[in-house]
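Architecture at a glance
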Amino acid sequence: FKKLLFFDDPKKIVDHIARGINPQLNTTAFIRPVFNYYNKFSSTKYVNGNTIKEVYPTEKSHVNYVVADTKVWEQSAAYLVDMHDAVESFVKNAGLGFAVPYFHKGEPHDYLPDFIVRLAGESDRSLILETKGFDELESVKREAAERWVKAVNADGKYGLWSYAVAKRPTDVVGLLKIATEWATESHE
């Protein structure tokens, strides 16, 4: 009589075994990002396309419109981001190819956060901003995004990144303030 065990995330198992073999891997300093082999550094300069969804003009994004995936939330969040003094520039993550990989029930998936925000200031600071109502996979996606942020920050070549989730559009202003303060404190 044999028992078969099934684990949701094989990466956790592999990481656990690796930490057992190499105890020096027990720090976040050894988390490394893995980039798309063919498009390591994506850019908004190649974003182009047509949509049947509603669009809204922007001021702080060189992608001239935000494509609305919701009826109110993302447009409201985009407006608040666009008008905020702490924002140098931003882009709606539509057609960029920016995805955070994760596993759910043993299957690989890609999480597409809503916005990428470049924070104003002297240093290279960015925020991945998600606007989210109810999502049964929210904790899985949050964990993946936070792991991605740790990996990129540990690498140190791509500026300082953070991740935040706005449960309501009105949360955006506070989250931008927190991200700016955190990035300023972390950079000093």
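Scroll up for the structure.
Residues numbered from 1 in each chain as written. Predicted model: local features only at pLDDT ≥ 70, side-chain atom pairs only at ≥ 80, totals over all residues. Heavy atoms only, no water.

Observations regarding the overall build of the protein
- Counting its secondary structure elements, the protein contains four helices and eight strands.
- Starting at the N terminus and walking to the C terminus, you meet the elements of the protein as α-β-β-α-β-β-β-β-β-α-β-α.
- Counting every position in the protein, which comprises 188 residues, the buried fraction comes to 36%.
- Put simply, of all contacts in the protein between residues at least 6 apart along the chain, 57% involve residues at least 24 apart.
- Of the accessible surface of the protein, which amounts to about 12500 Å², a share of 55% is contributed by carbon and sulfur atoms. (Helix = DSSP H or I, 4+ residues; strand = E, 2+ residues; numbered from the N terminus. Buried < 20%, exposed > 50% of the residue type's maximum accessible area, 1.4 Å probe, protein only. Contact = heavy atoms within 4.5 Å. Areas by Shrake-Rupley, 256 points an atom, 1.4 Å probe, with all protein chains shown as cover.)

Quick look at the packing of aromatic side chains
- What the rule picks out here adds up to four aromatic pairs.
- A ring pair is formed by Phe98 and Trp148, whose centres lie 5.3 Å apart and whose planes are at 90°; its orientation type is edge-to-face. Separated by 50 residues along the polypeptide, Phe98 in the loop between strand S3 (87–92) and strand S4 (100–104) and Trp148 in helix H3 (residues 138–155) bring together distant segments of the chain.
- Linked through ring pairs, Phe98, Trp148 and Trp161 together constitute an aromatic cluster. (Phe/Tyr/Trp six-rings, centres within 6.5 Å; stacked < 30°, edge-to-face > 60°.)

Section: the sheet that holds S3
- Pairing is mixed in the open sheet, where four strands are placed in the order S3-S6-S7-S8. Pairing within the sheet leaves two strands with one partner each, and these edge strands are S3 and strand S8 (160–166). Across the sheet, the axes of successive neighbouring strands diverge by a mean angle of 20°, strand direction being ignored.
- Where strand S7 (residues 125–131) lies against S8, seven bridges are found, and the strand directions are parallel. Residue pairing in the sheet places Ile128 in a bridge with Tyr163 of S8.
- Contacting S3, strand S6 (115–119), S7 and S8, helix H2 (residues 73–83) crosses the sheet at an angle of about 155° to S3.
- In the packing of H3 onto the sheet, the strands contacted are S7 and S8, and the crossing angle to S8 comes to about 165°. (Pairing = 2+ DSSP bridges. Axes fitted to C-alpha atoms, helices over the stretch in contact; angles between N-to-C directions.)

With respect to the pattern of salt bridges
- Taken as a whole and assessed by the stated rule, the structure comprises 13 salt bridges.
- Its salt-bridge partner being Lys53, residue Asp69 comes within 2.8 Å of it at the nearest N-O pair. With Asp69 in the loop between strand S2 (65–67) and H2 and Lys53 in the loop between helix H1 (10–21) and strand S1 (55–57), this pair connects stretches of sequence that are 16 residues apart.
- The partly exposed category is assigned to Lys53, whose relative accessible area is 44%.
- Here Glu143 ties to Arg147 by a salt bridge, and the two come within 3.7 Å at their closest N and O atoms. Of this pair, Glu143 and Arg147 both sit in helix H3, separated by four residues, roughly a single helical turn.
- The class for Glu143 is partly exposed, based on a relative accessible area of 37%. (Salt bridge = Lys/Arg side-chain N within 4 Å of Asp/Glu carboxyl O.)

Remarks on H2
- Buried within H2 are the following residues: Glu74, Gln75, Ala77, Ala78, Val81 and Asp82. For H2, the buried positions fall inside an angular range of 165° around the axis, keeping them on one side. (Arc of directions from axis to C-beta.)

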